[in-house]
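Letter by letter, the chains look like this.
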Amino acid sequence: MRVISDNYHSPLARQTSLSIVVAVYNEQEVLAHFHNQLAAVLNTLSNIKSEIIYINDGSSDDTWDILKTLPASGFAIKLFNLSRNFGKEAAMTAGLDHANSDAIILLDADLQDPPELIPKMIASWQQGYDVVNMRRSQRHGESKLKKWTAHAFYRLLAFMSDDVVIEKDVGDFRLLSHNVVQQINKLPERNRYMKGLMAWPGFKQITLEFERPKRAAGKTKWNFIELVALGLSGITSFSIKPLKIATWLGVSISLAAFFYSAFLFLETLIFGNQVQGYPSLMLAQLWLGGVQLLAIGVLGEYIGRIYKESKGRPIYIIEESLQLSQDQIGENKSKQVTYASK
């Protein structure tokens, strides 16, 4: 069973608290530099009790060993090692499950989400906003193809979304209030597209713009196929418009075929013209076959997600957890296997 903590009190009742959730996968080149930069920012925050929650998503390099040696100075560090690579969406889910602060910020460890923007995000939250979205006005260090495809995808996703407003050009970098995180943690689905899930609860939101820098070190863990799969997951998780489009496409083709067949019948009956031959017939068959396979593929995407949901497998498994604090380094260690499911 997945346990959602309700041990929470209003910021008015105690010192304001902040959790930074960082999902990491094979980030040994940049992790120490990222942590130092993040720690420097957190230590400038007055009257805020901070913690960093690192989720190691089954890294195959030395990421987990490096995490266990990170210095805790003025804040707590919680480390969770997943039993294998479950994917970033599952890792972020694990982080939100274990964050119990007044405000929660999701960050990438590659420094493309600048920690220096955290005070600005907190200032917006303190003005009464439950969600602070961070929109990328510029994407440095990326190819023109990557920029164009990302631009097109976010607009396609916004068009396809049925009842959820998903902000354009906003990634996982954002601040969420405790109330919003609590609602997200209650959502039961296992096929999790976090950008959509974080937008689904609604609440009062503001969007800030920033220029996204290039990676500080290492290389992206996303290839083209994985990005396409993530895009399909986003569209099918928050929209049934592809099914509606397939339906209307089938209706349109059927009507066109009916009127065209009537036209050919009358033309042959009145003028005695011969029906078009083999090339036109093959073209029509291939085109209709392609449309049918496309519609079946769209239907299959939805059926596949239903199948995955029906199995009820855990979203992630925690193999090991460790908490570091300024006064207690390397203690309070847990080596038990923890399952997280809805």
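Each value, and the rule that gives it
- Residues numbered from 1 in each chain as written.
- Predicted model: local features only at pLDDT ≥ 70, side-chain atom pairs only at ≥ 80, totals over all residues.
- Heavy atoms only, no water.
- Helix = DSSP H or I, 4+ residues; strand = E, 2+ residues; numbered from the N terminus.
- Buried < 20%, exposed > 50% of the residue type's maximum accessible area, 1.4 Å probe, protein only.
- Contact = heavy atoms within 4.5 Å.
- Salt bridge = Lys/Arg side-chain N within 4 Å of Asp/Glu carboxyl O.
- pLDDT = per-residue confidence, 0-100.
- Polar contact = N/O pair within 3.5 Å; in protein donor to acceptor, adjacent residues only side chain to side chain.
- Phe/Tyr/Trp six-rings, centres within 6.5 Å; stacked < 30°, edge-to-face > 60°.
- Lys NZ or Arg CZ within 6 Å of the ring centre and 35° of its normal.
- Core = buried A, V, L, I, M, F, W, Y, C linked by side-chain atoms within 4.5 Å.
- Patch = residues over 30% accessible without salt bridge, like charges linked within 9 Å, V, L, I, M, F, W, Y side chains within 5 Å.
- Areas by Shrake-Rupley, 256 points an atom, 1.4 Å probe, with all protein chains shown as cover.
- Arc of directions from axis to C-beta.

What follows concerns the overall build of the protein. Check the secondary structure of the protein and you find 10 helices and 10 strands. Looking at the 342 residues of the protein, the share that counts as buried comes to 44%. A fraction of 81% describes how many contacts in the protein between residues 6 or more apart in sequence connect residues 24 or more apart.

The next point concerns the pattern of salt bridges. What the rule picks out here adds up to 5 salt bridges. Across the pair E51 and K78 runs a salt bridge, and its minimum N-O distance is 3.2 Å. Placement of the pair is E51 in strand 2 (residues 48-56) and K78 in strand 3 (residues 76-82), with a sequence separation of 27 residues. According to the relative accessible area criterion, E51 is buried, its value standing at 11%. In this structure, D108 and K88 form a salt bridge, with 2.9 Å as the shortest nitrogen-oxygen distance. With D108 in strand 4 (residues 103-108) and K88 in helix 3 (residues 88-97), the pair connects residues that are 20 residues apart, well separated along the chain. Residue D108 is classed as buried on the basis of its relative accessible area of 12%.

The subject of this paragraph is the confidence of the model for the protein. Scored by pLDDT, the protein has a mean of 76; 73% of the residues are at 70 or more. Taking the mean pLDDT of every element in the protein, the minimum, 44, falls on strand 9 (residues 333-334) and the maximum, 91, on strand 3. Scored below 50 in pLDDT, residues 3-14 makes 19 contacts in the model with residues more than four places away or belonging to other chains.

Checked against the element boundaries, E320 lands in strand 8 (residues 316-324). By relative accessible area, which is 5% here, E320 ends up buried. Side-chain polar atoms of E320 contact the side chain of W64, separated by 3.5 Å.

By the definition in use, this model includes 2 aromatic pairs. Between F173 and F210 the ring centres are 5.5 Å apart and the planes differ by 90°, which places this aromatic pair in the edge-to-face class. Note that F173 is positioned in strand 6 (residues 170-177) and F210 in strand 7 (residues 205-212), a separation of 37 residues in sequence. Per residue, the accessibility class of F173 equals that of F210, and both read buried. In this arrangement the basic side chain of R84 is found over the ring face of F86, its NZ or CZ atom lying 3.9 Å from the centre. Lying across the ring of Y129, K204 places its NZ or CZ 4.9 Å from the centre.

Let us now look at the nonpolar core. Nonpolar side chains tend toward joint burial in soluble globular proteins. One finds L18, Y54 and I118 to be the most contacted residues of the largest nonpolar core, which totals 40 residues. For this core, the element with the most residues is helix 1 (residues 31-42), which contributes 6 residues. Residues in contact with I118, not counting those within four places in the same chain, are L18, I20, L38, V41, L45, I105 and L107. Formed by 28 residues, the second largest nonpolar core is a distinct cluster that contains A90, M92, V131 and M194.

What follows deals with a nonpolar patch on the surface. Among the surface-exposed residues, W248, V251, L255, F258 and F259 lie close enough to one another that they form a single nonpolar patch of about 580 Å² accessible area. By the element assignment, L255 lies in helix 9 (residues 241-271).

A word on the environment of L176. As for its position among the elements, L176 is in strand 6. Residue L176 is classed as buried on the basis of its relative accessible area of 0%. For the pair L176 and V132, spaced 44 residues apart in sequence, the C-alpha separation works out to 6.7 Å. Among all residues touching L176, those that are not within four sequence positions of it are D102, A103, I104, L106, D130, V131, V181, I184 and M198.

Quick look at helix 3 now. In terms of burial, helix 3 is a largely internal element, 10 of the 10 residues being buried. Within helix 3 the residues assigned to the buried category are K88, E89, A90, A91, M92, T93, A94, G95, L96 and D97.

The next thing to look at is unusual backbone geometry. The backbone of L111 sits at a positive phi, close to 65°, despite the residue not being glycine. Looking at the secondary structure, you find L111 in the loop between strand 4 and helix 4 (118-126). On the basis of relative accessible area, L111 is assigned to the buried category, the value being 8%. With a phi close to 70°, F203 is a non-glycine residue in the positive phi region. By secondary structure assignment, the location of F203 is in the loop between helix 7 (194-199) and strand 7.

Turning to helix 4, a few remarks are in order. Among the residues making up helix 4, those that are buried are I118, M121, I122, S124 and W125. Along the axis of helix 4, the buried positions cluster into a sector of 160°, meaning they face one direction only. The positive-phi residue at the C-terminal boundary of helix 4 is G128, with phi of around 115°.

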